[in-house]
Amino acid sequence: MYNPLRLSLLFSCILLTATTGRAQLSMQSDTTTRLGMRRSASDNTAALNKQYEIGGITVSGTKYLDEDLLIAVTGLSIGSKIRLQNDESIAKAIQNLWKQELFSDISVSVTKTIGTRVFLDIKVEERPRLSRYNFKGIKKGEATELKDKAGLVKGRVVTEAIKKESVVRIKKYFSEKGYGNVEVNIRERIDTLTVNAVILTFDIDKGYKTRINQVNISGNENASDLKLKRTLRSAKEMARISLYPADRVSVYEKNERSFNKYISSGGFLSLSKTLEALDPYFRYNFFSSSKFNMNKYEEDKMSLVEYYNSLGYRDASIERDTIYKVDNGNINIDLQVREGRKYYFGNMEWKGNTKYSNEVLTKLLGIKKGDVYNQQLLDTRLGKQMSPEGGEDVGSLYMDDGYLFFNVDAIETSIVGDTINYELRITEGPQATIRNVTIEGNDRTNEHVIRRELRTLPGNKFSRADLIRTQREIANLGFFDQEKIGIQPKPNQEDGTVDIAYSLVERSSDQLQLSAGFGGGVNFYGNVGVVFSNFSLRNIWKPKTWDPLPMGDGQRLSLNYQSNGRFFNSLNFSFTEPWLGGKKPNALTTNLLYSRFAQPTGPDRNPNESYMRVLGGGVSLSKRVKWPDDNFVFTYGINYQNFKLKNYTLLEGVSDGYSNNLFFRLVLARFSVDKPLYPTSGSNFSFTFQFTPPYSSISGTDYTNATSSEKYKWVEYHKYRFTAEWYHKVVGNMVFKLATKYGFMGYYNNSIGYSPFERFQLGGDGLSGRNFFVGKDIIAHRGFREPYENNAVIFNKYTAELRYPFSLSPTSTIYGLAFVEAANAWNDFKDYNPFKLNRSAGLGVRIFLPMFGLLGLDYGVGFDRFSRANGNTRLSDIANFTFMLGFEPD
């Protein structure tokens, strides 16, 4: 039967669909039945244009979403007025749902009408959700990293936008690794184990790395190609500097091991000549294997311009750059630069300074009229580019005196020819006073342990130098991740104060020492010990503070046992309170030791036939001094050791009997390194004076014909040690270390001579610092397997190292090093020759694990062992490995 109302409703649905996409408004059959009658055209139009009141709203098709929430999103509500044809509120409701990106289909239909009330049903089809995802075609490690970078979350609705964003993130990840032609295809399949869920599989084809074949620079007349290419930092950081043409890089990489073997077999033939012999087309191409990264490339172009600016070319620019592929799949880069004119500094006029005179500021600025223009230098000298270590600049001068709100602007007042005149406008502002100091992140360490190291105290005048010093002091505690020490000044310009917030991340500082070594006269030995660096004696009766022992007060407790079985046993205990009394940094240290070292000679190797037994202890007090500066620490202490010898031949002048060593030790040290695990700046100096009372002078006894037991019942000597270490950052995190050590022993009485105890043993990997069981200071020398001087009274040693970190994580600090060393020792001062040294060089690696301490492996070649090898110059005879655990060689 023809029903005009039904036809009209169908027509309105078509119109509504045209305006809202896939939306649909329809009448159900019961409505048709209820309203089914013949009407004229005017009646149909009137019915469609009639206003209805929404009597009810239902939602169908949902699986996860809340129905009431969806109704609220539509903006429709019971009681609202709508029309059945071209109603804007219905269209807007459907648009609001589409905006949520949660559905694949949406429709709105009329379920029934009662008089002027209409009842609506919103039918939706939810998009599937992500149950899991995986990556194909890449390494396991890459897939693990991508899971954090792809931006995918399990349970989230899968939309086209999310998939596209994931592809972009994947391509960006590999682009940063040098892959510029990555292809990503997404396979989507239904997860049969989860309702309305899908599994995404990303098929990734990385392709070949996009490498830089050549960098061609034109337009440069005052800077060489080589110097300009050095400014391309991304290329330098990523490059494995290739000595082969770019189109043969892959061939070289595949045959690298054979290639290196061929070179090493070339004797003393130079590397370049060897390569020329291998390849008639040999040429140097420093960028041939550099991976290309567009983001870093943009930074590199800025670096190149900044380099020109540092040469005085203020208007330098890159006029054109072109990147294009070459036949081998790599890329060439063409850069055309415009240098412009070279400029010079002119007059530098100060304005606004009242605290410091023009003369003081000009001297600190260090820029004179006629100097080559250098914007970076100007910014650095003004303090606009401050280094973390501080520096001699105008900004530091003001900020170290409390002027936190200080500002300086360099205004170009005129350019006359090639000379730029400046007006340096200073806003000094008020001196800031520290108001509040907060500390967070110290979960194990008590706050007073940290606060006593602070140089920034409430009420003090603000000082940037104090901030830097405080950061160093906190790092040197060893309780926190030195790379994550955060300092945030929060200025309050209204009242001229500043709040300072310190954020810390605790790291494990306790150590379980499982060490091993070889040398020092005891051959192979093992070491088991525990070091609690953040111990708390006052909490020992509070079980809640035990982790596994009472922690948090910064005290140090150490217990160490060494042994190689029957022939060597040593036990050492020490305790340090760094702040005795709690008010001043006066450190009290006590220690006890016992050791027994046997030197068996008979066929049954009886450890009781020949041995030395040591029993002793000591106490010392360290305090900071303020002169010459407050980096100095003065330590004084007294120690006692009792020696029992039986047929012991490793000491000169005594082999049997009892000897007593009561000595005083004075140490003046200066410690200013920035980080304890991997220092990058600063220095360590220490001068040690160790002496015994002059017993022979006090007693007045003539020892000319005395026995060794009489001479050395109470040993007497005076002994001096000097150690100096410097650290300097070369480039990036690469650090150069220079160290020197000296030692000398003297005597009081010519009839007694040098003491057989406390002498120096030089050479071998040694047991550095473990002199209490052999009665000597053992000085290691890498590259020399055995000691070459056993009873020296004077020595000197020089070391240079170049260090590079592989990891600065608090869980594992790892760095490699290359070293050269030179050292020697003499049995008498008359024979001393500071230029007669035994030299060595080699490579090594250091690994610091919080629970085990320092682990190290060195491979050294002793150059001056040629003469010791009876003419045999095989590498195996003059080189050796040094493996150590728990301590750094002396």
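This text goes with the structure placed above it.
Residues numbered from 1 in each chain as written. Predicted model: local features only at pLDDT ≥ 70, side-chain atom pairs only at ≥ 80, totals over all residues. Heavy atoms only, no water.

Caption draft 1: Just the overall build of the chain, in detail. When you go through the chain residue by residue, the secondary structure sums to 21 helices and 36 strands. Residues counted as buried form 46% of the 890 residues belonging to the chain. Of the contacts formed within the chain by residues at least 6 apart in sequence, a portion of 62% connects residues at least 24 apart. Accessible surface, the chain as shown: approximately 45100 Å² in total, 54% of it carbon and sulfur. (Helix = DSSP H or I, 4+ residues; strand = E, 2+ residues; numbered from the N terminus. Buried < 20%, exposed > 50% of the residue type's maximum accessible area, 1.4 Å probe, protein only. Contact = heavy atoms within 4.5 Å. Areas by Shrake-Rupley, 256 points an atom, 1.4 Å probe, with all protein chains shown as cover.)

Caption draft 2: Spotlight on the packing of helix H6 (residues 140–149) against helix H7 (residues 160–175). Packing of H6 against H7 brings their axes to within 10 Å, and their N-to-C directions diverge by 130°. In this view, H6 runs oblique relative to H7, as classed from their interaxial angle. With respect to the hand of their crossing, H6 and H7 are arranged in right-handed fashion. Along the contact surface, H6 presents Glu142, Glu145, Leu146 and Lys149, while H7 presents Arg169, Ile170, Tyr173 and Phe174. Its residues assigned to classes, the contact of H6 with H7 comprises 4 nonpolar, no polar and 4 charged. (Axes fitted to C-alpha atoms, helices over the stretch in contact; angles between N-to-C directions. Parallel < 35°, antiparallel > 145°, perpendicular 65-115°, else oblique. Left-handed = near helix turned anticlockwise from the far one by under 90°. Nonpolar A, V, L, I, M, F, W, Y, C, P; charged D, E, K, R; others polar.)

Caption draft 3: Fine view of the pairing of strand E10 (residues 317–325). Two strands pair when backbone bridges link them, and E10 and strand E11 (residues 331–338) are joined in this way by 8 bridges, in the antiparallel orientation. Looking across to E11, one finds that Ile318 is bridged to Val337. In this structure, the hairpin formed by E10 and E11 is closed by a connection of 5 residues, where Gly329 is found at a positive phi of approximately 90°. (Pairing = 2+ DSSP bridges.)

Caption draft 4: The arrangement of the packing of aromatic side chains in detail. As enumerated under the stated definition, the model contains 33 aromatic pairs in all. Pairing Phe345 with Tyr422 gives two aromatic rings, centres 6.0 Å apart and planes at 50°, and the pair type is tilted. Separated by 77 residues along the polypeptide, Phe345 in strand E12 (residues 344–351) and Tyr422 in strand E14 (residues 419–427) bring together distant segments of the chain. A centroid spacing of 5.1 Å and a plane angle of 10° characterise the contact between Phe689 and Tyr720, whose relative ring orientation is stacked. In this pair, Phe689 sits in strand E26 (residues 681–691) while Tyr720 sits in strand E27 (residues 718–731), placing the two residues 31 residues apart along the sequence. Among the aromatic residues, those joined into a ring-pair cluster are Phe664, Phe689, Phe691, Tyr720, Phe744, Trp826, Phe829 and Tyr832. We note Lys112 situated over the ring of Phe119; from NZ or CZ to the ring centre the distance is 4.8 Å. A cation over an aromatic ring shows up here: Arg596 above the ring of Tyr611, its NZ or CZ 4.0 Å from the ring centre. (Phe/Tyr/Trp six-rings, centres within 6.5 Å; stacked < 30°, edge-to-face > 60°. Lys NZ or Arg CZ within 6 Å of the ring centre and 35° of its normal.)

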